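Read off the chains here:
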Amino acid sequence: MRSHRCGDLRTTDEGAPVALCGWVHTRRDHGGVIFIDLRDVAGLVQVVFNFSEAPALQGAAEGLRSEFCVRVEGEVRRRKEGTTNEALATGEIEVAATSLEVLSVSATPPFQVDEHHDVEEMLRLKYRYLDLRRTRMQSNLQLRHAIVSSIRRFYDAHGFTEVETPMLTRATPEGARDYLVPARLHPGSFYALPQSPQLFKQLLMVAGLDRYYQIVRCFRDEDLRADRQPDFTQLDVEMSFVDREDVLAVTEAMFKQVWAEVLGAELQDFVRLTFAESMARFGTDKPDLRFGMELTDLSGALQQTEFRVFQAGKEEGGAVKAIVLGSQGGMPRKQIDALVEEAKALGAGGLVWIAVADEGLRSPVEKFLSEDEHRELPRAAAAKAGDLILIVADGHAEVVDRVLGSMRNRLGKHLGLVPERARADPEAWKFAWIVDFPWFERDEAAGAWTAIHHPFTGITPDTVDYLESAPEKVLSKAYDITLNGWELASGSIRIHDRALQERVLAALGISKEEAQARFGFLLDAFAFGPPPHGGIAPGIDRIVALAAGEDNIREVIAFPKTQSAADPLTGAPAPVDADQLEALHLALKPPGPT
RNA sequence: GCCCCAGUGGAGCAGCCAGGAGUGCUCAUCUCCCUGUCAAGGAGAAGGUCGCCAGUUCAAGUCUGGUCUGGGGCGCCA
């Protein structure tokens, strides 16, 4: 039907007769001559209908409208001097049309298919097939394919076997809320869609697969964010006879290959941070390492403080920390007030700001500070004259970290501390391994210890003895990859010892009977010579979003859902017929207060 | 569950703080003109119960309350 793709034509094709198929991108009607930009998957090319050369085409060409699907025959011509278009890859040539066939007409599109307008996301999703015609979305999907393709090549070359695992599986009460599927053949019972293939991949290790990977959809029924969809794609990996360094090395090599092949960036070795160091320096376990502005601990300088707000930071478990905004001492009061509001919205009681000047400190709390503190505070915060210090104090250190960490990430970009860099520039990509996570975290509401990673995560040998006596001191064999402030991957060396696994479940407050009911199949499998094993699961959507420079994973998913987990295109979720409910042994309760 | 932002002809915005006739801008649509444009240009036209429901007021796009939808975040996400 066609001889070339529109966007591929170059001056080397000059004189060639071509047949092109594509969509009318724009139309410029000059009366005796009409130009259209014809668009296909490869790009745009200008087609000329010149009615003195091809008078037969006049009627059809005048009838062309945006997004008509057409076939054009013609000849590739070099454009005359002064009429070339540098903005187009095909801008040195054009196609002089000799025939025009309208393959299908288009209604007036609900929005313009171009890169120049930001359209309401709801509308984009409702007409996603039009939204996806845009260059940005086409290149995002192509980039996604290139990344996944490179990932598969890597694991294929390293002895991994891709194995599929069930989509209809068993609910796991731990962790996120499950999506449930009623079982027609088992009245009252439900399958769950997998939150991840975690248990299956461990079983594959027991089965002797040795090295497994899978690019797999996972499902979590939790509230959405810019980096979270109810169904999302993971690169799931598991390896036998490995320790942490083996998994880290293979995974890091994979990322290096993908970045080299797809983005042309030769990555340096990943930085490594312990969880404790990351929290102390950046207030988060997913730090953006593209700029400084690290958190500083002011508790030393404020030992003797009389100021009540700062005293909160000296309480057991509390903290008083600061970030310094370089040369922002003159920030307008209105903007500072906005920062204070932001801190409060993030859970801080307030935000103390201090502008450092040559002649001293300027701050609403200046009068509460002693002479020593006037001298020591800027020094402890590493601030110089002209800087603005932002201080948060709270009885809970995690509040201080969360607030300052979050403000740091936002302000870093807002203040232009993150330089624009080319994709191929290794400096654009600040990968880091975060290691030595605590195993447990305290669920204050339930008054219980819960797993930070998951219940099958290994424990470092030197902290395993704290399992029963001091769970807060237990460190896990878990590791994360972070990139530019995003968590990209999470994994661990697993427990392969049945006795230890049972001790861990006991520490989580899960009884033997309960454990047997929930994960008995895994514990049973561990009775049959399980190999030491471990793995990792990078998020494909996040990897692609970062690589594409998007700040939302919806931009790299063909058919994503809205924040309320709905799909405006298909109308999902939707009610079902009474017949269907009947077959599933389900009766609906009217919605209402419970 | 909570906080913040947004909703105005088909699309994107302004108008709202400080109430006075649906006012304006860019694009799209329709008609006409135009042979070198390229997000073409020129002339004209059509198109809106200002998300929805209440309230305040002589008068509401504008003020108040509620609600729905979309987006960002907190909680949640082993």
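You'll find the structure just up there.
Residues numbered from 1 in each chain as written. Chains lettered and ligands numbered in written order. Predicted model: local features only at pLDDT ≥ 70, side-chain atom pairs only at ≥ 80, totals over all residues. Heavy atoms only, no water.

*Asks:* Sorry if this is basic, but what is going on with the layout of surface pockets here?
*Replies:* By rolling a water-sized probe across the atoms, one finds the places where empty space is left. In this model, the second largest pocket occupies a volume close to 540 Å³. The element best represented in the lining of the second largest pocket is strand β7 (residues 180-182), accounting for three residues. (1 Å grid on protein atoms, 1.4 Å probe; cavity = no way out; pocket = protein on both sides within 12 Å on 5 of 7 lines; lining within 4 Å. Points joined across faces, edges and corners; volume = space filled by probe spheres on them. Helix = DSSP H or I, 4+ residues; strand = E, 2+ residues; numbered from the N terminus.)

*Asks:* Would you explain the protein's contact with RNA strand B in this entry?
*Replies:* Taken together, 50 residues form the shell around RNA strand B, and within it Thr 83, Glu 94, Gln 112, Ala 451 and His 453 come nearest. Those atoms of RNA strand B that come within 4 Å of the protein belong to sugar or phosphate at a rate of 51%. Note that a base nitrogen of RNA strand B is positioned 3.5 Å from one of the backbone N or O atoms of Gly 31. Between a sugar or linking oxygen of RNA strand B and a main-chain N or O atom of Ala 451, the distance comes to 2.2 Å. Put simply, the parts of the chain that give the surface near RNA strand B at least two residues each are β1 (17-29), β2 (33-40), β3 (43-50) and α2 (121-126). Among the residues forming the surface near RNA strand B, the class breakdown is eleven nonpolar, 23 polar and 16 charged. (Near = heavy atom within 4 Å. Polar contact = N/O pair within 3.5 Å; in protein donor to acceptor, adjacent residues only side chain to side chain. Nonpolar A, V, L, I, M, F, W, Y, C, P; charged D, E, K, R; others polar.)

*Asks:* Would you take a moment to explain helix α14 (residues 540-548) for this structure?
*Replies:* Because an α-helix completes one turn every 3.6 residues, residues spaced three or four positions apart along the sequence face the same direction. Counted residue by residue, α14 has nine buried out of nine residues, so it is predominantly covered. Within α14 the residues assigned to the buried category are Ile 540, Asp 541, Arg 542, Ile 543, Val 544, Ala 545, Leu 546, Ala 547 and Ala 548. The inward-facing, buried residues of α14 contact α4 (135-157), β10 (231-240), α6 (244-263), β20 (478-483), β21 (486-493) and β22 (533-538). One or two residues past the end of α14 sits Gly 549, with phi positive at roughly 75°. (Buried < 20%, exposed > 50% of the residue type's maximum accessible area, 1.4 Å probe, protein only. Contact = heavy atoms within 4.5 Å.)

*Asks:* I'm lost on the sheet that holds strand β13 (residues 319-325) in this one. Help?
*Replies:* To summarise the sheet geometry, strands pair through backbone hydrogen bonds and adopt either a parallel or an antiparallel arrangement. Here we have five strands laid out as an open sheet, ordered β12-β13-β16-β14-β15, and antiparallel in their pairing. Each having just a single partner strand, β12 (296-297) and β15 (360-362) make up the two edges of the open sheet. As paired strands, β12 and β13 are joined by two bridges and run antiparallel to one another. The partner of Thr 296 across the bridge, within β13, is Ala 322. Lying on the sheet, helix α11 (residues 397-414) is in contact with β13 and β16 (388-394); it crosses β13 at an angle near 10°. (Pairing = 2+ DSSP bridges. Axes fitted to C-alpha atoms, helices over the stretch in contact; angles between N-to-C directions.)

*Asks:* I keep staring at the packing of α4 against α6 and nothing clicks. Help me out?
*Replies:* A packed helix pair is summarised by two numbers, namely the angle formed by the two axes and the spacing between the axes. Contact pair α4 / α6: the axes reach a minimum separation of 9 Å and the direction vectors enclose 135°. Classified by the angle between their axes, α4 and α6 sit oblique to one another. The chirality of how α4 crosses α6 is right-handed. Contact residues: Leu 143, Ala 146, Ile 147, Ser 150, Ile 151, Arg 153, Phe 154 and Tyr 155 in α4; Val 250, Ala 253, Met 254, Gln 257, Val 258, Glu 261, Val 262 and Leu 263 in α6. Here the contact of α4 with α6 is composed, by residue class, of twelve nonpolar, two polar and two charged. (Parallel < 35°, antiparallel > 145°, perpendicular 65-115°, else oblique. Left-handed = near helix turned anticlockwise from the far one by under 90°.)

*Asks:* I keep staring at the sheet that holds strand β9 (residues 211-219) and nothing clicks. Help me out?
*Replies:* Taken together, eight strands build an open sheet; the order of strands is β6-β9-β10-β22-β21-β20-β17-β11 and the sheet is mixed. Of all strands in the sheet, those with a lone pairing partner are β6 (161-162) and β11 (271-274), marking the two edges. As paired elements, β10 and β22 share four bridges and run antiparallel to each other. The partner of Ser 240 across the bridge, within β22, is His 533.

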